[in-house]
Amino acid sequence: MIISVREPKVLIEEEQQRNSLDVDMEIVKEREQQLRRLEADMTDLNGMFVDLNQMIHDQGEKVDDIEANVEVAVEQVQDANKQLKEAKIFREQALKKKFCLFGVVGVAAGLVVLVIILLFKN
């Protein structure tokens, strides 16, 4: 009879152990699923960082191109300013030469008129 009493206890303990193992197994399976989801999320995150890195690299090249274009534009504006100053000087010199030419032509015309007047008086 002792054996029969012990058997149900052993059976109950075995059943509890099996239930405990089943619960532990479910916990392990759930953790494994969580780890797989975490791994997938980390893979996705890694892909995002790779994409972000590529975007930053591409934009860095664009910024470098913009910077180079700005430097070229600055040089061209400086050259244009020099050319405008030279053009102003040439314009002023041309204006002076024009006035001198008009003065010489005016004096020559005056002399021609004076000579014609003197010739017709005699």
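Presented here is a report on the structure given in the accompanying data block. (Residues numbered from 1 in each chain as written. Predicted model: local features only at pLDDT ≥ 70, side-chain atom pairs only at ≥ 80, totals over all residues. Heavy atoms only, no water.)

### Things to note about a nonpolar patch on the surface
How we decide: Patches were defined on residues exceeding 30% relative accessible area and lacking a salt bridge, with like-charge contacts within 9 Å and nonpolar side-chain contacts (Val, Leu, Ile, Met, Phe, Trp, Tyr) within 5 Å. Accessible surface is estimated by sampling points in the Shrake-Rupley manner with a 1.4 Å probe; for residues, cover comes only from the protein chains shown. Each reported salt bridge corresponds to a side-chain nitrogen of Lys or Arg within 4 Å of a carboxyl oxygen of Asp or Glu. Strands are runs of DSSP state E lasting at least 2 residues, helices are runs of H or I lasting at least 4, and numbering of each runs from the N terminus. The buried label applies to any residue whose accessible area, calculated with a 1.4 Å probe on protein chains only, is under 20% of its type's maximum; exposed applies above 50%, and partly exposed to all values in between.
Together, Leu 45, Met 48, Phe 49, Leu 52 and Ile 56 make up an exposed nonpolar region whose accessible area comes to about 510 Å². For Met 48, the location among the structural elements is in helix α1 (residues 2–121). Met 48 sits in the exposed class, given a relative accessible area of 54%.

### Remarks on the pattern of salt bridges
Close approach of charged atoms allows side chains of opposite charge to pair. According to the stated counting rule, one finds 1 salt bridge in the structure shown. Linking Arg 36 and Glu 32 is a salt bridge whose minimum nitrogen-to-oxygen distance equals 2.7 Å. Within this pair, Arg 36 and its partner Glu 32 are both found in helix α1, separated by 4 residues, close to a single helical turn. Arg 36 gets classed as exposed once you look at its relative accessible area, which sits at 51%. You can call Glu 32 partly exposed: its relative accessible area is 38%.

### Structural notes on a negative patch on the surface
Definition in use: His is not counted, nor are the chain ends; Lys and Arg add positive charge and Asp and Glu add negative charge. Charge positions are represented by NZ for Lys, CZ for Arg, CG for Asp and CD for Glu.
A cluster of acidic side chains, namely Asp 58, Glu 61, Asp 64, Asp 65, Glu 67, Glu 71, Glu 75 and Asp 79, defines a negative patch on the protein surface. The exposure class of Asp 64 is partly exposed, given its relative accessible area of 47%.

### A look at the environment of Ala 94
Inspection of the secondary structure assignment puts Ala 94 in helix α1. Here Ala 94 falls in the partly exposed class, since its relative accessible area comes to 40%. In this structure the C-alpha to C-alpha distance between Ala 94 and Leu 45, which are 49 residues apart in sequence, comes to 71 Å.

Bear in mind that shape data such as this cannot, by itself, settle questions of function.
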